[in-house]
Amino acid sequence: MNDTTATSTDVRAEILKPLRERRSERHFAQRPLEPHVVASLVEALRWAPSSNNRQPWRLILVQGAEPSAKFVDALSEGNKKWAHLAPLKIVLLGNPEEQPDRDGQNRWLLDCGLALENLLIQGCAMGLTTHAMQGWNEEKVLAHFNVPKPFRVAALVGVGYRGRIEDLPEEVAAKDRAPRTRRAPGEIAFTDTFGNAYSG
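Since we're looking at a predicted model, the values are computed, not measured.

Concerning the environment of N118
Within the secondary structure, N118 is located in helix 5 (residues 107–125). Expressed as a C-alpha distance, the spacing of N118 and P96, which sit 22 residues apart in the sequence, is 20 Å. Contact partners of N118, with chain neighbours within four places excluded, come to A44, L45, W47 and A48. At 2.8 Å, the side chain of N118 forms a polar contact with the backbone oxygen of A44.

Some points on the pattern of salt bridges
Across all of its chains, the model carries 14 salt bridges by this definition. A salt bridge links E66 to K70; the nearest nitrogen and oxygen atoms lie 4.0 Å apart. Here K70 and E66 lie together in helix 3 (residues 65–73), a separation of four residues that amounts to about one turn. Exposure remark for E66: the relative accessible area of 57% places this residue in the exposed category. Residue class for K70 comes out partly exposed when judged on its relative accessible area of 30%. A salt bridge links K81 to E171, with the shortest nitrogen-to-oxygen separation between them at 2.8 Å. On the criterion of sequence distance, the pair formed by K81 in the loop between helix 4 (77–80) and strand 2 (88–94) and E171 in helix 7 (residues 170–177) is long-range, its members being 90 residues apart. On the basis of relative accessible area, K81 is assigned to the partly exposed category, the value being 36%. Because the salt bridges share partners, they merge into one network encompassing R23, E25 and R162.

What about the sheet that holds strand 2?
An order of 1-2-4-3 is seen for the four strands of this open sheet, with the pairing classed as antiparallel. Among the strands making up the open sheet, the edge pair consists of strand 1 (57–62) and strand 3 (128–133). Here the average twist between neighbouring strands, direction ignored, is 20°. Pairing geometry for strand 3 and strand 4 (residues 152–161), over six bridges, is antiparallel. Across the sheet, T130 pairs through a bridge with V159, a residue of strand 4. Relative to the sheet, helix 2 (residues 35–46) contacts strand 1, strand 2, strand 3 and strand 4, its axis offset from that of strand 1 by approximately 165°.

Reading the values: rules and limits
Residues numbered from 1 in each chain as written. Predicted model: local features only at pLDDT ≥ 70, side-chain atom pairs only at ≥ 80, totals over all residues. Heavy atoms only, no water. Helix = DSSP H or I, 4+ residues; strand = E, 2+ residues; numbered from the N terminus. Contact = heavy atoms within 4.5 Å. Polar contact = N/O pair within 3.5 Å; in protein donor to acceptor, adjacent residues only side chain to side chain. Salt bridge = Lys/Arg side-chain N within 4 Å of Asp/Glu carboxyl O. Buried < 20%, exposed > 50% of the residue type's maximum accessible area, 1.4 Å probe, protein only. Pairing = 2+ DSSP bridges. Axes fitted to C-alpha atoms, helices over the stretch in contact; angles between N-to-C directions.

So this is what it looks like as structure tokens:
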């Protein structure tokens, strides 16, 4: 797998393999996920950290034909080109009342983000394609799945066994073929004060 991430000394820091290899790919094999696979994803998310252990997240596991069509209807046009192929579609919800805002910031989103990352890393470790999306219409999602107030949509996710890039529309396949890149450590990490680049 291509990865152009580099450190200032050109030596790769040691991190867990799923963290290094996880990609937001878009190709899925057309076979359902076994119940124990779905259970493992839910369990990984369930053990995520949250402030004061409030766990403000909820999941809707979408697998039936009619609910899947509703899921796809709420997607952006770009995501509709591939996400309909995911055997498992997930709606990740958050409850702002269970994790109230602080200093004007939506802290429930941080908790849901931590939980989502658990799911993504678990999926990668299991050899699955797990792709989180931000292109969706929240009003449609809430209406289609009868979500009560005050829940908000944090993310939508497509999950399945890895398929073939060749089966995707070319414009989508090109995204999955693109090299995986990250900013250099010195661009994102600073020592002691903002702007003083971390040197490794």
